[in-house]
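Residue-level structural notes
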Amino acid sequence: MRRVVLLLVGLAISGALVVLAVQSLDLDVVRRTLSEADVWPWVPAAMATYVLGQVLRGWRCQVLVKRDAPLTLATATNIVVVGYAVNNIAPLRLGEFARAAMLSERAGLPFAQSLGVTFLERVLDGLTVLGLLVVAIFALGDSTWLELVAAPAAGIFGAAAAGVGLAVVAPAALVGIASRLGSVLGRKVQEVAIRLAVQTTASVRALRRPDQAALIVALSAVVWLVEAAMFLLILGAFDLPLRYDWALLAMAVTNLSVLLPSSPGHIGPFHYFCQQAVVSVGVAADLGLAYAVGVHLAFYVPVTLWGVGLILWYAQAGSWRLSMLRRAEGASAEAASGIGRVVAVSAAPSVPGGPTRFLGALVGALIPVDVAADAAKATVTTRFVHDRLADLPARLRLLLLVGLTGFRMLVVLRFLRPFESLPAARRRSVVAAWAYGPVPPARALFKAVRSTALLAAWEQRAA
Amino acid sequence: MKYDVIIVGSGAGGAVTALECAQAGLSVLVLEEGRRHALRDYGKPATEAMGALFRRGGMTPIMGRVPMGFVEGMCLGGSTEVNSGFWCRTPRESLLRWAAQYQLADAGHDALAEHFDWAEDWLEVARSSRPWPRSTEVFARGAEAMGWSAKEVERMARACEGANVCPSGCPNGAKGMTRRVIPAAEAAGAHFVTGHRAELLLTRKGRVEGVLAAVRREDGAEELVRIDAEHFYLCCGATQTPALLRRSGIKRRVGNSLRVHPMLKVVARFPERLDADKDVLALLQVREFWPEISLGGAFFTPGHAAMALSENWPQNEPLMEELGHLGAWYVAVRGTGRGSVRPSLWSRRDTSSRYDVNDEDMRHLSRGMARLSALLLAAGATAVYPGVWGLDPITTEVQAARWLDEVLPRSALALTTVHAFSSCPMGEREDKCPLDSWGRVRDYANLRVNDASMLPDSPGVNPQGSVVALARRNVLRFLEDIAA
Ligand SMILES: Cc1cc2nc3c(=O)[nH]c(=O)nc-3n(C[C@H](O)[C@H](O)[C@H](O)COP(=O)(O)OP(=O)(O)OC[C@H]3O[C@@H](n4cnc5c(N)ncnc54)[C@H](O)[C@@H]3O)c2cc1C
């Protein structure tokens, strides 16, 4: 019931702010301003900047959980993006929970700890944005936003920061409080309360090491400075002056305003406050609204597409398990094999093809001349390399394919002939330049091929 | 039918677990993904053996800032069937660290001694009774010249005849796990089924009810079979155990702390003939810098020599004409970096493993390479060829000493490892360990892990001894518990 009320309140606020934003505006002018905006290069640049901001957020998330789980930058970024995307398409800031759930799943952390990390990220965001708002206010010398946005936000984030600070410096005290409160409701509840308190205080562990705390604070600042750069680039799209102080103000006011309950994607608060921020520095209201729509698109589109793509990708990876569990439940005793009950039978996999002419030529260029000249040995070697490359994990196979395709294209561009048609001596020199040359990624690309080729060729030679 | 115990994996941990459970009278089923091979199929060239005996034909690299070649056995007996058999007890220091940092209970030096005694007896662990190969002699000479303590390592390969085919399976049947432990487990009633891959654990309310195993039929189709049991042991090795747990939805702290012993190989040329490809690898290990840094002999065949020289192949290729004068050695460090294991999102069959070689690992690898090179030169080598791109052969001890203080560049290193562990560490520290001190998966009453993944962190020595001894300790405790 509470959720429904919150949802309705959010939608009402969204609606009201949309009305406020468009009130007394000529919407045709807004539409025309939007259609006349210089999309190129500003909007793609703004979107790319926003994506960079997400990667930086991923980096921060990676540092926050580093002591508990080694997340890759890609995974950590994906976790952040899923959170943003869910916020964009679902109400009630469900994205924060989705983000915590995914962090818990990917990192193997207890949910309470992941939620704590997500909360900490949000507190850091709030404090940073607040700080940047104050900077913008001083830079512009206009204190309108001080009372309207900065003061209430300072109250909220100040209280949250105090809680975080306590968890950082006195985790035992918090656990003690949880224990005492829990004990009132019996032993079981007390145990759960202690466990949750321990897990929650663990979420701020990274802040206890000064070097990591400094990195986290610095990253938070960079994240929001980069976000302000996105706001700046969209100014360019509407032929507005490229003033970073304007962008900073718009970014800070808009991001603090989305704390208000609203519709998915923050429609309403985002547009109204972004518009009002630029109006306060002298931009016309209709142009201001067009600007707000432009920023919202740059903010909404890439991250939502990226996040939804990820959700589908993770869902398909998890669906196999669910379908197998369902089948296992229904496995009947009649369909018994020697040791258990048959649950499913899948068709025989297709037989993979043999080595290509290109691979044969590549292997020939890597192995000793006499082995390459011996058709039988060369064939065994090429087959071995082919089979081993087929054994590589799918992701590495794809990378290898992309890399070798790039290699082949560069060879064609340089020699106007495919690699296979080059004279043998030329093939050797080209391959040596890549496989043993000074460029680490080129060497890495050839590593699997050259190692397996040399292993097989020299075993053949000795046989 | 419902088994008392299902054990997934028949390697160092799984075989011992099966033996003890079967001898205690439990009905035991061991699911092994790899095949059972006859001795006549062993000792084949790498071109045949890799596909038959190793997981994904040996193409299971561990990614990270310095990608590492990593292989693990996939056959009855697991990696013990393709390893060189070197056997070490867990250093006292490692056990103390495990107690201090992971609160691993009752696993001190004295508590483990009986399990090591048992294992060494069963697996016929012993020093070689054959004369030392030349590669061992020169290594001993170098260690003596440097004044460093070195020791011939005992091996779990009693019947070794020096065929030098360890990674292809021993045609003389010297490997202890398939020679003694698995036959004894079968004699006691354990049922080993090969070619069965455990895909998924079926869980309900804090218990595992069954396992789904995939088996390839004669016609090439794949059958998924549900098998139920009272208790489950995962002994799939350091990468596959966490992958199976996570695939089954058991994720808390699982696969977050993979550790390895990163290994850098060097080839050295001696004026005299070593014929290292005609006898077993060097049996001596330098213990002077142990357990942080160990130096020892690496497997050597023409193919492996070519791979070890391949970083600087255009310069090194002519060396292959002097194969009889070459030998290969390694420096291995107690990895202090950390990695992870996850089932791949790209393919159900893939596992993605990462390990980040940290600065301390790099310092130890560099120093280790300096020392190993100095030792080999002191032993009379004319040049040492490290697996480091762009590094000229080291021909004087002074050149080697450079790397005592300087650090090798990460991007130039060719690292490998065959020692992976600690992806599901055990101990009482809930914030680090998904397993309790006896290998039970937290929150699951009847699920246990008993393989290399349970080691709290790097033991710093060849790990199979630690795996076997701890596995026995854990399974005996389990048998006591269920008897009670
Ligand atoms: C080439 C090589 C050389 C080595 N040399 C030494 C040495 O000299 N000394 C030393 O101490 N250590 C050595 N090691 C390491 C040592 O062999 C391992 O640490 C040890 O065997 C690990 O034991 P384990 O039980 O964890 O895994 P393993 O022995 O690897 O056994 C795991 C088994 O589980 C099976 N399995 C995995 N997933 C599934 C599944 N889903 N379903 C069914 N079955 C599954 C695998 O096929 C495998 O047979 C070497 C390893 C290798 C690969």
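Each remark here, short or long, concerns the structure printed above.
Below you will find a few notes about this structure.

Reading the values: rules and limits
- Residues numbered from 1 in each chain as written.
- Chains lettered and ligands numbered in written order.
- Predicted model: local features only at pLDDT ≥ 70, side-chain atom pairs only at ≥ 80, totals over all residues.
- Heavy atoms only, no water.
- Phe/Tyr/Trp six-rings, centres within 6.5 Å; stacked < 30°, edge-to-face > 60°.
- Helix = DSSP H or I, 4+ residues; strand = E, 2+ residues; numbered from the N terminus.
- Buried < 20%, exposed > 50% of the residue type's maximum accessible area, 1.4 Å probe, protein only.
- Lys NZ or Arg CZ within 6 Å of the ring centre and 35° of its normal.
- Near = heavy atom within 4 Å.
- Polar contact = N/O pair within 3.5 Å; in protein donor to acceptor, adjacent residues only side chain to side chain.
- Areas by Shrake-Rupley, 256 points an atom, 1.4 Å probe, with all protein chains shown as cover.
- Pairing = 2+ DSSP bridges.
- Core = buried A, V, L, I, M, F, W, Y, C linked by side-chain atoms within 4.5 Å.
- Contact = heavy atoms within 4.5 Å.

It is worth spelling out the packing of aromatic side chains at this point. Taken as a whole and judged by the stated rule, the model has 18 aromatic pairs over all chains. When the centroid spacing of 4.8 Å and the interplanar angle of 80° are considered together, the rings of Phe407(A) and Trp434(A) count as edge-to-face. Residue Phe407(A) is found in helix α17 (residues 394-415), and its partner Trp434(A) is found in helix α18 (residues 424-435); the two are separated by 27 residues along the sequence. Its relative accessible area of 0% is what places Phe407(A) among the buried residues. On the basis of relative accessible area, Trp434(A) is assigned to the partly exposed category, the value being 22%. An aromatic cluster is defined as three or more aromatic residues linked by ring pairs; in this entry it consists of Phe358(A), Phe407(A), Phe419(A), Trp434(A) and Phe446(A). For the cation-ring pair, Arg371(B) lies above Phe289(B), with the distance from its terminal atom to the ring centre recorded as 4.1 Å. Over the aromatic face of Trp438(B) sits the side chain of Arg477(B), whose NZ or CZ is 4.1 Å from the ring centroid.

Residues and elements named next belong to chain B. For the ligand, the set of nearby residues contains 37 residues, the closest of which are Glu 32, Ser 79, Phe 86, Ala 452 and Gln 464. Note that an oxygen atom of the ligand is positioned 2.7 Å from one of the side-chain N or O atoms of Ser 79. In the model, a nitrogen atom of the ligand is placed 2.8 Å from a nitrogen or oxygen of the Ala 198 main chain. If the ligand stood free it would expose 990 Å²; the protein chains cover 95% of that surface. When residues of the shell around the ligand are traced back to their parent elements, those giving at least two are α1 (12-23), β2 (28-32) and β8 (196-204). Among the elements that make up the shell around the ligand, the one with the highest residue count is β8 (3 residues).

Attention shifts here to the pairing of strand β15 (residues 326-333) of chain B. Residues and elements named next belong to chain B. Of all 8 residues in β15, 8 are buried; the element is thus mostly enclosed. With burial as the criterion, each face of β15 is covered, one bearing Leu 326, Ala 328, Tyr 330 and Ala 332 and the other bearing Gly 327, Trp 329, Val 331 and Val 333. Taken together, the 7 bridges between strand β12 (residues 263-269) and β15 define a ladder with antiparallel strand orientation. Its bridge partner lying in β15, Val 266 is registered against Trp 329.

The biggest cluster of nonpolar side chains holds 130 residues, and the ones touching the most others in it are Ile6(B), Leu31(B), Ile227(B), Trp329(B), Met369(B), Leu376(B) and Leu447(B). Top element by residues in this core is helix α10 (residues 359-378) of chain B. It accounts for 9 residues. The contact partners of Met369(B), leaving out residues within four places of it in the chain, are Leu264(B), Val266(B), Val331(B), Pro386(B), Val388(B), Leu391(B), Ile394(B), Trp403(B) and Leu408(B). In this structure, Ala37(A), Val117(A), Ile137(A) and Leu248(A) belong to the second largest nonpolar core, which totals 94 residues.

Shape is all these values report; function is a separate question.
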